[in-house]
Every structure is written in structure tokens, then in C-alpha cells.
Amino acid sequence: MTAQNTVTAPAATEAPAVDTTVAAGAGEEFARLHPATLEVGPNVRDEVDTETPEFRALVDSITEHGVLQAISAIRDGDRVVVIDGQQRTLAAIEAKAETVPVVIRSVTGNAKAREIARLSQQVVANDRRIDLTQGQRAKAVTGMLELGVSATKISKAVQMPRDQVKTAAAAGRSQTALDALDGGQLDLEQAAVLATFDAEGDHDAVCELLETHRYHFAHTAKRLLADRAERKERAAAAQPYAERGFTIADTEPYFADGQFRADDLVIPAEGKNSEQRAITAEVIEAHPAAWSVWLSKGEQFTLTATGEVISEESIDWGTEDDPESTAATGYHHCKDITTEQVWEAEYFTTDPAAAGAAPGPVLAAALADADADAVAVDPDDAAAVARAREQKRLASEAAHKEAQRAALRRTKELNKASVIATEVRIEWLTKFLTRKTLPKGAGKWITDTLVDEPGLLTQNKAPQFLAQLLGVNVTAVTGPTAGYPGTEDRAAREAIAPVIDKASEPRAQVIALAQVLAAYEARMSGTGKDWWKRSGFGNQDNYLGFLDQHGHTLTPVENVATGELTPEAGYDALTAPSSETNAETAGQ
């Protein structure tokens, strides 16, 4: 309902008796009165909507703490008329407060003068109120938690949702985060994330987050967290190598920096009749001080029953979702395979001789004098012509190997980025789909999409993704049907059905949008982290373009998926210094 200023409380004779203490002052007195004895007179705030969240929160606050700021009033004969404190008075009546503090001033002058004074005082009183900043609120919450007050009690005391109390408490641990919050640079959730890095002394991460455009904040924070976790894992995996005397590389070594891979080196021939041999683990272990080790994660496939490591090429991936199918001859069924991430070691040296090695033929060709091609070869000297051709072939092979390694680096980096982008995108979608009505243009987009792809909603476990985006819990399938194709989809549809039944007509339309978006997401991230490779398949540009139009800022790996960037350009954008990336973002 909406309370108008003309509504007055019951007459003083009808109100309960109250204990009043009068303090004499310069034309004013202080009293504690029952709120129903006060008359809410005319006010510049010409109406109070008592159904707003703010007013309901005020009622709850008064129920918990009472009225903390005295109401300002004037005495007009037997009446006490509220000048400043209209909302506090009405809320106190609803909260059934027994008394409220009131400062009562005497009035002088004629009616016109009193009315001018009332209007000016009410305007000034409302204008001069300065709310606490978000940072100040967060700091107060942190202080209460440090004093041992539970999050539940704080939530009730300060009228703040419990999850927001925890977020505010996290942000309150860092003055840097609070300053960024109050400066409008970050919102409360972002400030809480920044505070986590600040509390752990990660100055570089704090600086990068503060320099990051707020639309890329979530992605950058997740990347930094993932990088930090990976560094810790790598350090643990590297410990045995360090104990054996190897240098541990912090970043992947490159040929251009004079780092030579063990794969490109050989054990030199020891005599006229001996031959060069491939580098062995024994040679590397014999000269640990001359070698550095770079550890990177890779997928390892083993037979579950025996633990035997097998190659990815020996797996029949067509059996992945069909436990009853038969693998092709000579291949392994997916149900018999265990896949795990393992740390793989690569060895490098800047001094092959000290490492007990020498450049192999391909590396030697790459290291040959760049001007060798310009040296004239006597066409009549068959041996010289043959050597020149072989040199050219080996140099070409060396270039090809480096190109393959560069492509592998791009793939690894884009795969890592795709995992983070998927997490951020799904979090965004989950919030976006809590809306009650369709965003502008979504109805036509849904129609166009389904006319173009009528089978989209039944592919790639789309119902399971829909349940995830809607926050619907799906009971795990057990019993004889567990593991069979379609059973998980059916369970998801059954779990979603009650949500649809309870939905209003506009909300049901949002769920229809969620179905299409979930189907696209299932097609993308549900089929592997290399979804960025499929820029010309699956209408990913239609899906990601819709998200971009409605508030989800695309990352470089998503731009690769839409075809806006090549994999090379996407890799460059991901690996560029943060200052360069932020400058590009600011110009978009």
C-alpha cells in the first residue's frame, strides 16, 4: 500500500501510556513517545510506499534495533507533529515499537513562517543525509565477524542477505578492494575477489585486476586463479627433478632463445664406425646441471583394468556414449579407458656439449649459416648439389617441426582459455536466465534459430545443460537403465517439468529461451574444450553473437569460435601483456 501524508496516527488520548523524559534545552525537549501518538503532518515526501524493499527493511531494522535516530517534531497545542522522520514513524507503528525517541521543538511566528520553516527543514534534512558507502558497510561487517558475531546474526542485524554478508566480509579484508569499491571501479563481488589476492600478497594479480576492464574481470580473475593453482601443482611435480640437480624452467623454453630440446639432439658418434644415437634418459640423468626441465600437463590414457598406457589413436571414440557397442577391430572401447591429466617433462639445454649431446641433422640444418643458400653451387659437382638439396630439405623439416610446436602451444593455450571461458559463460547464463521476461528481440531469435535447426534441442545432452542453467537438481539415474543413452536426458526433463508447470506465461518464454541457449552450450562445451576449433560448424556465431548482444563480453577464445579471430590472432590476444589487452578492450 502507499501511505499519504494526510494520514495521522490516533489521538494522544487513544494511545497507550508511555514513559516520557523531558530534557530542557534551547527551545526543545527530548521525549520517548509511542509512535501512534505522533501526527504525520504534511511532508515534501508526498507519499511513502510501504511495500518497497527499502521500507520493509526499515520495519525489520526497527523490530530488531528500535528507532536509532530521533524523530524531529514540533508541538502544536496538544499535538506533536512530525517534521523529519515520516518513514521512521510509520515503520515503527508497523513494527509495534513501544516508544520512539523524539526531539520536540517549539515554533514561533505566523502560519506562513512556520510553513516555510517546515518545507526548508524537510528538504535540507533529506538532502543532507549521506549514506554509508559500500566499502564502509563491508568494513563494518568484517569487524563484526572478527568480534565473533555469526553471519546469520549480522544478516539480521544489518538487514543484509546472508550470502552478501560473506561477500562483504571478504571484501572488507582489503583496503585496496574497499577503495576500488567506493570509487566505483569494482562491484562488491569483484572487490571480494580482489581482496582474496590482496590477502595472499599477490601484488601482481591485484595490479592486473585493477587494470582489467570490469567486463573482463571475471575471466581475468579465474585465469589468475587457474594459473596460480597450476604453478603450485607444477612446483610440486618439479620437486623430484630439482632434487636430482635439474634447473626448473618457469616458462616454456624456446628455440629462438637458444634453448635446444633433447628431442632435437643426439649422442655424438664416438668413432669412425659408430653412429649418432638418440638422446637417452641415462645421458640426461648423467648431466643434470646442463639440463633444464619444463613441465606441462597432458592427457594420459590407460587401460583401467591393467594400468597400461595407450595412445589416443588406439581408442574408438565412436563408442563414447554407447556402453553396449563393440569397438572397431584393433581399437579400445571408451568404457575400458581411464583418462587423466599428468605432468610431462621436456628437457632443454643451452650447451649441448656440456649436456653430452650434439645437434641432430635437422637442428644442425636450422643452425646453419643463413647465407648458405646464397653460396653458389657448381651444377657439375653432383656431390655438392646433393649436399645442398639435403641441407635445404633438413632446414625445411626444422621449420616444419617448429611450426608444429607453435601450433601445439596455441592449442594448449586456447584449450586452457576455453575451460575458463566456459565457466564464466555458464555463470553469466545462469544469472541471465533468472529474468522474468524475454529480453528484446529474443522471441524472433528463438524462432529463427529453431526454423534453421529444428533438431537442436535433442542433441548433445541438451536437457542436462538446461537443468544446470536453471539450477534444477537432477537425481542420478540408478538401476538397470543407468548408463544407457537417453536416460540422463529423460531424468533431466522430468526434473524440469515442475518448474515449467509453476512458471507464469512470460517466465515460460524465458525457459524456452533457456532451452535454445542450453542446447547451443551443450553443442559447444559439452563436446570438449576444443570447441574454439569449430568456427565454421554449429552456428556458434549465432549463439555467441546473441550472448554478446545481451551483455556477455566475448573473450578472445570465443572470438576464435565465432570466426572473428584466427587461432593465431586469438593466441596472440591471450598471451599479450595485460596492459596491451586492456588498451584494446578500452577501444572497443
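Keep in mind that what you see is a predicted model, and the values were worked out from it rather than measured.

1. Description of the pattern of salt bridges
Okay, step 1: Counted under the stated rule, the structure contains 26 salt bridges.
Okay, step 2: Between R234 and E230 there is a salt bridge, and its shortest N-O distance comes to 3.3 Å. Of the two residues, R234 and E230 both sit in helix α10 (residues 217-243), four residues apart, roughly one turn of that helix. Across the pair, E230 and R234 agree in class, each one buried.
Okay, step 3: Note that E568 is salt-bridged to R410, the shortest N-O span being 3.6 Å. Within this pair, whereas E568 is found in helix α20 (residues 567-575), its partner R410 is found in helix α13 (residues 382-432), the two being separated by 158 residues in sequence.
Okay, step 4: When its relative accessible area of 39% is taken as the criterion, E568 is described as partly exposed.
Okay, step 5: With relative accessibility at 18%, the residue R410 sits in the buried group.

2. Considering empty space enclosed by the protein
Empty space among the atoms becomes visible once a probe the size of a water molecule is rolled across them.
Okay, step 1: Applying the stated criterion to the full structure yields one cavity of 30 Å³ or more.
Okay, step 2: If you add up the space inside the largest cavity, you get close to 70 Å³.
Okay, step 3: As for the largest cavity, its lining consists of P253, Y254, F255, Q259, F260, R261, D264, F348, L363, E402, R405 and R409.
Okay, step 4: For the lining of the largest cavity, the secondary-structure elements that each account for two or more residues are β9 (260-261) and α13.
Okay, step 5: It is α13 that provides the largest number of residues to the lining of the largest cavity, a total of three residues.
Okay, step 6: A per-class count over the lining of the largest cavity returns six nonpolar, one polar and five charged.

3. Topic: the environment of Y543
Okay, step 1: Position of Y543 among the secondary structure elements: in helix α18 (residues 540-549).
Okay, step 2: The spacing of Y543 and A519 is 24 residues in sequence and 9.8 Å in space, taken between C-alpha atoms.

4. Re the nonpolar core
Nonpolar side chains tend toward joint burial in soluble globular proteins.
Okay, step 1: Within the largest apolar cluster, 43 residues are counted, with the highest numbers of intra-cluster contacts made by L433, W445, L513, L517, Y543, F546 and L547.
Okay, step 2: Those elements that provide at least two residues to this core are α13, α14 (442-452), α15 (462-470), α16 (487-502), α17 (505-524), α18 and α19 (556-562).
Okay, step 3: Considering each element in turn, this core owes the most residues, eleven residues, to α17.
Okay, step 4: The residues touching F546, leaving out its near neighbours within four places in the chain, are F432, P439, A442, W445, L513 and L517.
Okay, step 5: By size, the runner-up hydrophobic cluster in this structure holds 26 residues, among which are V165, L186, L209 and F217.

5. Quick look at helix α4 (residues 134-146)
Okay, step 1: Helix length check: α4, at 13 residues, gives a terminal C-alpha distance of 18 Å against a target of 18 Å (1.5 Å per residue), a fit within 8%.
Okay, step 2: Here α4 has its buried residues at G135, A138, V141 and T142. All buried residues of α4 fall inside an arc of 125° around its axis, so they share one side.
Okay, step 3: G148, located one to two residues past α4, shows a positive phi value of around 95°.

6. Here we look at the confidence of the model for the protein chain
Okay, step 1: On average, the protein chain scores 83 in pLDDT, and the residues at 70 or more come to 84%.
Okay, step 2: For the stretch residues 1-19, pLDDT sits under 50, and the model shows 43 contacts to residues farther than four places along the chain or on other chains.
Okay, step 3: Note on residues 581-588: pLDDT under 50 across the span, and seven contacts to partners over four residues away in sequence or across chains.

7. Concerning the sheet that holds strand β10 (residues 265-267)
Okay, step 1: The strand order β11-β10-β17 describes an open sheet built from three strands, whose pairing is antiparallel. With one partner strand each, in any of the chains shown, β11 (277-278) and β17 (358-359) form the two edges of the open sheet.
Okay, step 2: In the sheet, β10 pairs with β17 via two bridges, with the strands oriented antiparallel. Residue pairing in the sheet places V266 in a bridge with A358 of β17.

What counts as what
- Residues numbered from 1 in each chain as written.
- Predicted model: local features only at pLDDT ≥ 70, side-chain atom pairs only at ≥ 80, totals over all residues.
- Heavy atoms only, no water.
- Salt bridge = Lys/Arg side-chain N within 4 Å of Asp/Glu carboxyl O.
- Helix = DSSP H or I, 4+ residues; strand = E, 2+ residues; numbered from the N terminus.
- Buried < 20%, exposed > 50% of the residue type's maximum accessible area, 1.4 Å probe, protein only.
- 1 Å grid on protein atoms, 1.4 Å probe; cavity = no way out; pocket = protein on both sides within 12 Å on 5 of 7 lines; lining within 4 Å.
- Points joined across faces, edges and corners; volume = space filled by probe spheres on them.
- Nonpolar A, V, L, I, M, F, W, Y, C, P; charged D, E, K, R; others polar.
- Core = buried A, V, L, I, M, F, W, Y, C linked by side-chain atoms within 4.5 Å.
- Contact = heavy atoms within 4.5 Å.
- Expected span 1.5 Å × (residues − 1).
- Arc of directions from axis to C-beta.
- pLDDT = per-residue confidence, 0-100.
- Pairing = 2+ DSSP bridges.

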